[in-house]
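Inside the fold
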Amino acid sequence: MLEILQYDFILRGIAAGVIVSLIAPLIGIFLVLRRYSLIADTLAHVSLAGVAIGFILNINPIFTAIISATLSSVLIERLRMTKKVYGESALAIFLSGSLALAVILISLSKGFSSDLFNYLFGSIVTVRQSDVWTIFVMGLVVLVTVMLFFKELVFLSFDEEAAQVVGIQTRFINTILIILTALTVALAIPIVGILLISALIVIPVVAALQLKKSFIQTLLIAEGISLVSVVVGIFASFYLGLSTGGTIVMIALGIFGMILIKQQWFHGTITTQDLP
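What the protein contains, in helices and strands, is twelve helices and zero strands. Taken from the N to the C terminus, the helices and strands of the protein come in the order α-α-α-α-α-α-α-α-α-α-α-α. Considering the protein as a whole, with its 276 residues, one finds that 48% of them fall into the buried category. When contacts within the protein are restricted to residue pairs at least 6 apart in sequence, long-range pairs at least 24 apart make up 75% of them. Summed over all atoms, the accessible surface of the protein reaches about 13400 Å², with 70% contributed by carbon and sulfur.

Our focus in this paragraph is unusual backbone geometry. Despite not being glycine, N58 shows a phi value in the positive range, around 60°. Tracing the backbone through its elements, the reader meets N58 in the loop between α2 (38-57) and α3 (61-81).

Taking 1.5 Å per residue, 21 residues should reach 30 Å; α3 reaches 30 Å between its end C-alpha atoms and fits that length. Turning to α3, its buried residues number three or more, namely P61, I62, T64, A65, I66, S68, A69, S72, S73, I76, E77 and M81.

In a regular helix each residue adds 1.5 Å, so 26 residues correspond to 38 Å; helix α1 (residues 8-33) covers 38 Å between its end C-alpha atoms and thus fits that length. Looking one or two places after α1, you find R35, whose phi comes out positive at around 55°.

Let's shift gears to the environment of L38. Inspection of the secondary structure assignment puts L38 in helix α2. Classification of L38 by relative accessible area gives partly exposed; the value is 41%. Note: C-alpha distance between L38 and S198 (160 residues apart in sequence) is 7.8 Å.

Here we come to the packing of aromatic side chains. Using the criterion set out here, one finds seven aromatic pairs in the structure. Relative to F215, the ring of F30 has its centre 5.9 Å away and its plane inclined at 40°; by these criteria the two rings are tilted. Of this pair, F30 sits in helix α1 while F215 sits in helix α11 (residues 215-240); the two residues are 185 residues apart in sequence, bridging distant segments of the chain. Residue F30 shares its accessibility class with F215, and that shared class is buried. Plain terms: the ring middles of F150 and F215 are 5.8 Å apart, the flat faces sit at 70° to each other, and that makes the pair edge-to-face. With a gap of 65 residues between them, F150 in helix α7 (residues 150-158) and F215 in helix α11 connect regions that are remote in the sequence. With relative accessibility at 23%, the residue F150 sits in the partly exposed group. Here F215 falls in the buried class, since its relative accessible area comes to 16%.

This next bit is on the side chain of E223. Within the element layout of this structure, E223 appears in helix α11. Buried within the structure, E223 lacks any salt-bridge partner; R34 is the closest side chain of opposite charge, at an N-O distance of 18 Å. If near-sequence neighbours (up to four positions away) are discounted, E223 is found in contact with S21, L22, P25 and L26.

Turning our attention to the packing of helix α6 (residues 129-148) against helix α9 (residues 170-192). Any two packed helices are characterised by the angle at which their axes cross and by the distance between the axes. One way to put it is that α6 packs onto α9 with a least axis distance of 10 Å and a crossing angle of 155°. Here α6 lies roughly antiparallel to α9, going by the angle between them. Relative to α9, the crossing made by α6 is left-handed. Where α6 approaches α9, its residues T134, I135, M138, G139, V142, T145 and V146 are matched on the opposing element by I176, L180, L183, T184, L187 and P190. For the contact of α6 with α9, the class distribution of residues is nine nonpolar, four polar and no charged.

Counting residues in each nonpolar core, the largest one holds 73 residues, and the members touching the most others are F30, I39, I76, V146, I191 and I201. Broken down by element, the residue count for this core peaks at 14 residues, all from α9.

Among the surface-exposed residues, W133, F136, V137, L140, V141, L143, V144, M147 and L148 lie close enough to one another that they form a single nonpolar patch of about 860 Å² accessible area. The topology assignment puts M147 in helix α6. Its relative accessible area of 59% is what places M147 among the exposed residues.

Cut-offs and rules
Residues numbered from 1 in each chain as written. Predicted model: local features only at pLDDT ≥ 70, side-chain atom pairs only at ≥ 80, totals over all residues. Heavy atoms only, no water. Helix = DSSP H or I, 4+ residues; strand = E, 2+ residues; numbered from the N terminus. Buried < 20%, exposed > 50% of the residue type's maximum accessible area, 1.4 Å probe, protein only. Contact = heavy atoms within 4.5 Å. Areas by Shrake-Rupley, 256 points an atom, 1.4 Å probe, with all protein chains shown as cover. Expected span 1.5 Å × (residues − 1). Phe/Tyr/Trp six-rings, centres within 6.5 Å; stacked < 30°, edge-to-face > 60°. Lys, Arg positive; Asp, Glu negative; His and termini not counted. Salt bridge = Lys/Arg side-chain N within 4 Å of Asp/Glu carboxyl O. Axes fitted to C-alpha atoms, helices over the stretch in contact; angles between N-to-C directions. Parallel < 35°, antiparallel > 145°, perpendicular 65-115°, else oblique. Left-handed = near helix turned anticlockwise from the far one by under 90°. Nonpolar A, V, L, I, M, F, W, Y, C, P; charged D, E, K, R; others polar. Core = buried A, V, L, I, M, F, W, Y, C linked by side-chain atoms within 4.5 Å. Patch = residues over 30% accessible without salt bridge, like charges linked within 9 Å, V, L, I, M, F, W, Y side chains within 5 Å.

Here it is in structure tokens:
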């Protein structure tokens, strides 16, 4: 079974996947607790436009995805803070607008290519050594930034108004969070794919929350679920000939389902009479 490790592209995929699996729940837990999960899906569609720009300009699509997602995240937060547009409406505007732009750019680049298809659904074959280093450096930036503002991010996740009262610069922290989300989304593209990124950010966290542990324990459990999903997903996709991104997400969903059934069973909501 370990012959899989003889392939360089597998090693690059595993290295990038491990980094992404650790960063995604770290950002996802703040988004889920704030009921802001849709931002990941929105920035994923913005990243699609960035990837299309990269193909047209013959630039590494990861770089253009990072730039487009980061700039859009700042604009989304500014639009939301003006109070002129509701948060959900701002996300919907950027989601539909960026998707429309991506479609136009793809049509200008003569339609879908195999590489673009891999970016949509995830494929470790597309991960280059330069991508691994980019993911590592940007992942380190996300990790260090979260550590620096960890207390403020936790406070805002539970009570933004109270955080503002005690003097926390909520607008600044919100901007930091949404930029970190943009970076995480862009970094996950080669592994999970644009259309499935939000699932890796959200599902492990939602699964861990079912266990009703402390914040730190929930975060660690979510990290474990994400890591297992990515590593097992890469191995399974290689041996079974499946899409990497889809396999990873289905494993995460499977773990979520098992946790949900376990919690319901032990809390007495499922009885032997309910079984077939």
